[in-house]
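Chain residues, written in single-letter form:
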Amino acid sequence: MIRFFLLQNRQGKTRLSKWYVAPTDESEKVRLEDEIHRLVVSRDRKYTSFIEFLNYKLVYRRYAGLFFTIAVDINDNELACLETIHLFVELLDQYFSNVCELDIVFNFNKVYSILDEYILAGEIQETSKKEILERIKEMEKREKD
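To start, this report covers the structure provided alongside it. For clarity, every value in this text was computed on a predicted model and none was experimentally measured.

Some words on the pairing of strand β3 (residues 50-53)
Alternating positions in β3 separate cleanly, Ile51 and Phe53 being buried on one face and Phe50 and Glu52 remaining unburied on the opposite face. Both β3 and strand β4 (residues 56-63) contribute to a ladder of four bridges, which runs antiparallel. Looking at the pairing, phenylalanine 53 lines up with tyrosine 56 of β4.

Now the structure itself:
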């Protein structure tokens, strides 16, 4: 099960934060995000993209200047998590036509909508890019009406 999904830039700004199993305290979330950022950014590229952290596993991937991080249960499949991150990046890239950090900052509602169509309550709901993007387009049509 996915515990949380983070999208952070190199400077440590959290651009997307979706918690499926959230800590009780908001300051705890901020502390965890800062600690995770320090771990991921300082890690040498020759090491794997998997880190055991507290009582879960962090799986991360860097795209340009952004770090996509998923926290999952210890015994979840790391490669499936990397695929989850990659599919989310492909969804963003296809929706925004070559996504960049500014697209995420200025269209954060759409980014959260895409993530919600893909992952619900910490479980992957749909893996078809076509289906997810069609649902998003349908929601946009309904918002305009």
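What follows continues from the structure just given.
Let's talk about helix α1 (residues 26-42)
Helix length check: α1, at 17 residues, gives a terminal C-alpha distance of 25 Å against a target of 24 Å (1.5 Å per residue), a fit within 8%. Tucked into the core, α1 has its buried residues touching β1 (2-9), β2 (14-19), β3, β4 and β5 (66-72).

Considerations on the pairing of β2
Relative to β2, β1 runs antiparallel, the two being bridged by five bridges. Bridging across to β2, leucine 7 finds its partner in leucine 16.

Re the packing of aromatic side chains
Evaluated as defined, the whole model comprises seven aromatic pairs. On the basis of an interplanar angle of 90° and a centroid distance of 4.9 Å, the ring pair of tyrosine 95 and phenylalanine 96 is categorised as edge-to-face. Phenylalanine 96 carries the same exposure label as tyrosine 95, and that label is buried. An aromatic cluster is present here, built from Phe4, Trp19, Phe53 and Tyr56 joined pairwise through their rings.

Each value, and the rule that gives it
Position numbers for residues start from 1 in each chain and track the written sequence from start to end. Selection of residues for local features in this predicted model requires a pLDDT of at least 70, selection of side-chain atom pairs for listing and counting requires 80 or more, and totals for whole chains, interfaces and linings are taken over all residues. No hydrogens and no water enter the side-chain calculation; it runs on all heavy atoms of the structure. Throughout this description, buried means an accessible area under 20% of the type-specific maximum (1.4 Å probe, protein chains only), exposed means over 50%, and partly exposed covers the range between. Put simply, DSSP H or I for four residues or longer makes a helix, DSSP E for two residues or longer makes a strand, and each gets a number counted from the N terminus. For two strands to count as paired, DSSP must find a minimum of two bridges between them. To estimate how far a helix should extend, the number of its residues minus one is multiplied by 1.5 Å. Should any heavy atoms of two residues lie within 4.5 Å, those residues are counted as being in contact. Any two of the Phe, Tyr and Trp rings considered here, Trp counted by its six-membered ring, make a pair once their centres fall within 6.5 Å; the pair's planes then place it as stacked at under 30 degrees, edge-to-face at over 60, or tilted in between.

No statement about biological role is implied by the geometric values presented.
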